[in-house]
Amino acid sequence: MKRIFLALLIPILLITGCAKAPVTGRTQLIMLSPQQEMALGFQAEREIFESEKVTNDPRFVEPVQRVGHRIAKATGLDLDWKFYVIENDKVPNAFCLANGHVFVYTGLFKYIDNDAQLATVMAHEIAHAIAHHVAERISVAQLTGIATAIAAEAIHSSANEYQQLYEAALGIGSQVGVMLPYSRMQESEADHIGLILMAEACYDPREALKFWEKFAKANGGEEPIVYFSTHPATKQRIEQLKRLMPRAMEIYKTCDRSRLTPVKSGEPYAASSTLGERVD
Ligand SMILES: [Zn+2]
């Protein structure tokens, strides 16, 4: 029975296990199929629409759409990109599901001065999605489960049990949706990919440094964003961004400026500024 179990398992690992993260090229172990990953995204989305209030307020929706579409284009991925704003001033947060649907809370705007800073957060969240970080987390959880199952093989094990484990792992994934905490490694990677994406989308990458420094200061060094709670300490994050800045600036200097659109007056930025949108 054990041999049958392993014979089933190993090809699954070989076929679906090998992936590479965009930009960083890091090798990843991902055992979910793209279809399963998408299904998780849609399930999480249904739960979000049930529990959160989506607003059509153009003061928030317009910048989120404007910035989002440019970041999405920079990914080069043909997903069904959608950008929503959730009305909740208490939550300074944003996230992106595997299906390319991005949600930004109105509470984030308190910390944002311009499009480039909004791009900092949105590109970071989109980076988590295009690097399949949720699927990677679930895969690790599954592997842990499988390891346990193999250890327990002396008692009973079968392909059927593996199936149940698999379903259980998927269940965990869908219940917590995007709330599954990312590892620090994934956070650093999202910072890295996000910085390159924002530069390719023609947003000044130096605004990422300003945003994170200001955000940390405003919160006494604490980062209140739930999804950001396992983010690297601000000092390490800033150091990494500075290391990557020369490359990001190279990209920014030659980025495609043809689709830049001006910021409208009355948008809810903390300071009035058009940084990141200037064509000159
Ligand atoms: Zn993150």
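See the structure printed just above.
Because the structure is a prediction, the values reported are computed rather than measured.

Visitor: Run through the overall build of the protein, naming residues and quoting values.
Guide: When helices and strands are tallied, the protein shows 9 helices and 6 strands. Here the protein holds 280 residues, and 52% of them are scored as buried. When contacts within the protein are restricted to residue pairs at least 6 apart in sequence, long-range pairs at least 24 apart make up 74% of them. Carbon and sulfur atoms make up 59% of the accessible area of the protein, which totals about 13300 Å².

Visitor: For helix H4 (residues 115–130), give the residues involved together with the corresponding values.
Guide: The first and last C-alpha atoms of H4 sit 21 Å apart over 16 residues, in line with the 22 Å expected at 1.5 Å per residue. Regarding H4, its N-cap is Asn114, as a side-chain oxygen of that residue lies 3.1 Å from the backbone nitrogen of Ala116 further along. Taken from the residues just after H4, His132 is the one with a positive phi, measuring 55°.

Visitor: Describe in detail the pairing of strand S4 (residues 82–86), supporting the description with residues and values.
Guide: Within S4, 4 of the 5 residues are buried, which leaves the element mostly enclosed by the surrounding structure. As defined by bridge partners, strand S3 (residues 54–55) adjoins S4 across 2 bridges and the pair is classed as antiparallel. Following the sheet pairing, Thr55 is matched in S4 by Val85. The sheet contact formed by S4 and strand S6 (residues 101–105) spans 5 bridges and is parallel. By the bridge assignment, Lys82 is partnered in S6 with His101.

Visitor: Before we move on, could you go through the sheet that holds S4 and cite the residues and values that matter?
Guide: For sheets, the rule is that strands pair by backbone hydrogen bonds, running either parallel or antiparallel. Spatially, 4 strands are ordered S3-S4-S6-S5 in an open sheet, and the strand pairing comes out mixed. Whereas interior strands pair on both sides, the edge strands pair on one side only; in this sheet they are S3 and strand S5 (94–96). Lying on the sheet, helix H2 (residues 34–51) is in contact with S3, S4, S5 and S6; it crosses S6 at an angle near 30°. Each of S3, S4 and S6 is contacted by helix H3 (residues 58–75), which is oriented at about 145° to S4, the strand it contacts most.

Visitor: Break down the state of the cysteines for me, with residues and values.
Guide: Enumeration according to the criterion identifies 1 disulfide in this entry. Paired by a disulfide, Cys202 and Cys255 hold their sulfur atoms 1.8 Å apart. Every disulfide takes its handedness from the sign of the S-S torsion; for Cys202 and Cys255 that torsion is 95°, giving right-handed. Taken together, the residues span a long stretch of sequence, with Cys202 in the loop between helix H7 (184–200) and helix H8 (206–218) and Cys255 in the segment after helix H9 (234–253) at a distance of 53 residues. Taken individually, Cys202 and Cys255 each receive the classification buried, so the pair is uniform in this respect.

Visitor: Quick one: what's the story with the packing of aromatic side chains, residue by residue and with numbers?
Guide: For any pair of aromatic rings, geometry is given as the distance between the ring centres together with the angle between the planes. Evaluation of the coordinates by the stated rule reveals 7 aromatic pairs. When the centroid spacing of 5.1 Å and the interplanar angle of 25° are considered together, the rings of Tyr84 and Phe103 count as stacked. Of the two residues, Tyr84 is situated in strand S4 and Phe103 in strand S6; the sequence distance between them amounts to 19 residues. One residue, Arg70, lies across the ring of Tyr203, its end atom 4.1 Å from the ring centre. Cation over ring: Arg237 sits above Trp212, and NZ or CZ is 3.5 Å from the ring centre.

Visitor: So what's going on with the nonpolar core? Which residues, and what values?
Guide: Core analysis: the biggest nonpolar cluster contains 53 residues, and Ile71, Leu118, Ile126 and Met198 have the highest contact counts within it. Looking at this core, the elements that each hand over two or more residues are H3, S4, S5, S6, H4, H7, H8 and H9. The element that contributes the greatest number of residues to this core is H4, accounting for 10 residues. Apart from residues no more than four positions distant in its own chain, Ile126 is found in contact with Ile71, Thr75, Trp81, Phe83, Cys96, Val102 and Leu197.

Visitor: Explain the environment of Lys235 residue by residue, including any values.
Guide: Tracing the backbone through its elements, the reader meets Lys235 in helix H9. On the basis of relative accessible area, Lys235 is assigned to the exposed category, the value being 64%. Measuring from C-alpha to C-alpha, the distance between Lys235 and Glu213 comes to 8.8 Å, with 22 residues separating the pair along the chain.

Here is what the cut-offs are and how they apply
Residues numbered from 1 in each chain as written. Predicted model: local features only at pLDDT ≥ 70, side-chain atom pairs only at ≥ 80, totals over all residues. Heavy atoms only, no water. Helix = DSSP H or I, 4+ residues; strand = E, 2+ residues; numbered from the N terminus. Buried < 20%, exposed > 50% of the residue type's maximum accessible area, 1.4 Å probe, protein only. Contact = heavy atoms within 4.5 Å. Areas by Shrake-Rupley, 256 points an atom, 1.4 Å probe, with all protein chains shown as cover. Expected span 1.5 Å × (residues − 1). Polar contact = N/O pair within 3.5 Å; in protein donor to acceptor, adjacent residues only side chain to side chain. Pairing = 2+ DSSP bridges. Axes fitted to C-alpha atoms, helices over the stretch in contact; angles between N-to-C directions. Disulfide = S-S within 2.5 Å. Phe/Tyr/Trp six-rings, centres within 6.5 Å; stacked < 30°, edge-to-face > 60°. Lys NZ or Arg CZ within 6 Å of the ring centre and 35° of its normal. Core = buried A, V, L, I, M, F, W, Y, C linked by side-chain atoms within 4.5 Å.

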